Amino acid sequence: MVAQQQTKKRFLFLMSDTGGGHRASAKAVRDEMVTLYGDAVQVEIIDVFVELGLWPFKCYPTWYPHVVKLQGIPWGIGYYLSDKLRLLHLLAYLDWMYVRGALRGLLDRYPADVLVSFHAMINPTLSMALRRKYWSRPVASIAIDLVSVHSAWFTPGFDLYVVASDGAKARAQRCGTPEECIKIAGMPVRRDFKTAADISQEQARLELGLPQDEPVVLVVGGGGGMGPVTAIVQTVLSRCPGTRVVVIAGGNRKLYEQLKALNSNGSLQVEGFTSNMPVWMRAADILVTKAGPNTLSEAFITGLPLVLYMALPGQERGSIPYVVSNGAGVWAATPEKVAVAVQELVTDTSRRQALASGSRSLARPLASEQIAQYLWSLA
Ligand code: UDP
């Protein structure tokens, strides 16, 4: 047993529950590593800011839903002000004395052969740790944004930087990342989305108890049910009679209660946090969503036409032109525009099919597997 433990390759995945995407991506790659390498691999996923145990870092997951309120304006200010490598180096120097002890404790608690970052905000600290010889084994950064990518993903010294698109690679190069360290793989998405794409829509609806004879519109606001979801749902319900609207409220309990209280004559179905997203997506005809990179990449694999109602300033903004110019969906900035777009897609089957095929053309179903292989080769 001890001998087997010692021959395992150990990976420590650093993420944080600031939104649902970091954990979803880390789990997707972990599952793929276990599928590919079985007992030979050990992957630990931790919320790095909580595990550091230091104020203010440990508050990030609880602060995040508040910072992204007000149409993400406070978030956007922080994003754009910090999106400069020189400033990030300076901040890392300033907080190193404060963080280094906690980081050393964390690395002792979770011994690993390879560190993998799924969160840009820890990267400047990891760069400092490499420079100060706190860590001498391989480190990888998995940039889980589609096109607009914060420079913190590319702080220097890492062995591998994985990105999701050509646009993201160009950003990495502008940040001075050596070409040979960059790999384009796509966003890491759970294998279940690929599997669900192979079942019929009828079967998915049967499984979920959804009607076969009504168009189904799925509404998702990321892991935290963000944006004006209630107003969107009310407007869509009033403009598109005969349409079944399903909302995944994620971890947003308040949104869940609000929607449950709506009188929809049976046209609205509300779910809390679900682990069954692949089947919900497969059952749907249209996805109304915030431009979260994970949700979008999952929808591409499922081949869903998209109506984007919100994009966080910074990392999600570039996804709007990416989706629209590739013919995968439309941008609808108000609940009224969302309802108009949904109405058009419900009635115009050929338009809906065209967007579905545009969406499918952006799919990278092998991304998680590729990332797992890149990481394995680092150890
Ligand atoms: N998600 C989920 N269950 C839910 C709501 C969301 O599994 O009830 C997942 C969703 O499938 C996606 C992630 O949470 O993988 C959301 O990531 P995204 O990048 O779209 O947005 P974020 O929440 O990070 O802002």
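Residues numbered from 1 in each chain as written. Predicted model: local features only at pLDDT ≥ 70, side-chain atom pairs only at ≥ 80, totals over all residues. Heavy atoms only, no water.

### Remarks on the sheet that holds strand S8 (residues 244–248)
And step 1. Ordered in space as S9-S8-S7-S10-S11-S12, the 6 strands form an open sheet in which the pairing is parallel. In the strand order of this sheet, the two ends are held by strand S9 (268–271) and strand S12 (329–331), each with one partner. Along the sheet, successive strands turn relative to each other by an average axial angle of 20°, direction set aside.
And step 2. For S8 and S9, the ladder comprises 4 bridges, and the chain directions are parallel. Paired with Val245 across the bridge in S9 is Leu268.
And step 3. Against the sheet, helix H12 (residues 253–260) contacts S8 and S9, and its axis sits at roughly 155° relative to S9. (Pairing = 2+ DSSP bridges. Helix = DSSP H or I, 4+ residues; strand = E, 2+ residues; numbered from the N terminus. Axes fitted to C-alpha atoms, helices over the stretch in contact; angles between N-to-C directions. Contact = heavy atoms within 4.5 Å.)

### Here we look at the sheet that holds strand S4 (residues 139–142)
And step 1. Sheet architecture is open: 6 strands sit in the order S2-S1-S3-S4-S5-S6, paired in parallel fashion. Each edge of the open sheet is held by one strand with a lone partner, namely strand S2 (41–47) and strand S6 (182–184). Taken pair by pair, the neighbouring strands of this sheet meet at an average axis angle of 20°, ignoring direction.
And step 2. Bridging between S4 and strand S5 (residues 160–163) involves 3 bridges; their strand directions are parallel. The residue of S5 that forms the bridge with Ile142 is Val162.
And step 3. Across the face of the sheet, helix H8 (residues 166–174) comes into contact with S5 and S6 while running at roughly 170° to S6.

### Focus: the packing of aromatic side chains
And step 1. Taken as a whole, this structure holds 14 aromatic pairs when the rule is applied.
And step 2. Judged by centre distance (5.4 Å) and plane angle (75°), the ring pair of Tyr79 and Tyr80 falls under edge-to-face.
And step 3. An angle of 15° between the planes, with centres 5.5 Å apart, marks the rings of Phe158 and Tyr161 as stacked. Each member of the pair, Phe158 as well as Tyr161, carries the same accessibility label: buried.
And step 4. A connected cluster of aromatic rings, assembled from ring pairs, spans Phe49, Phe57, Tyr60 and Tyr98.
And step 5. The ring of Trp376 has Lys9 lying over it, and the distance from NZ or CZ to the ring centre is 4.0 Å. (Phe/Tyr/Trp six-rings, centres within 6.5 Å; stacked < 30°, edge-to-face > 60°. Buried < 20%, exposed > 50% of the residue type's maximum accessible area, 1.4 Å probe, protein only. Lys NZ or Arg CZ within 6 Å of the ring centre and 35° of its normal.)

### Some remarks on the side chain of Lys169
And step 1. Tracing the backbone shows Lys169 in helix H8.
And step 2. A residue is classified by how much of its surface remains accessible, and Lys169, at 18% relative accessible area, is buried.
And step 3. Residues contacting Lys169, with those up to four places away along its chain left out, are Val163, Glu179, Ile182 and Ile184.

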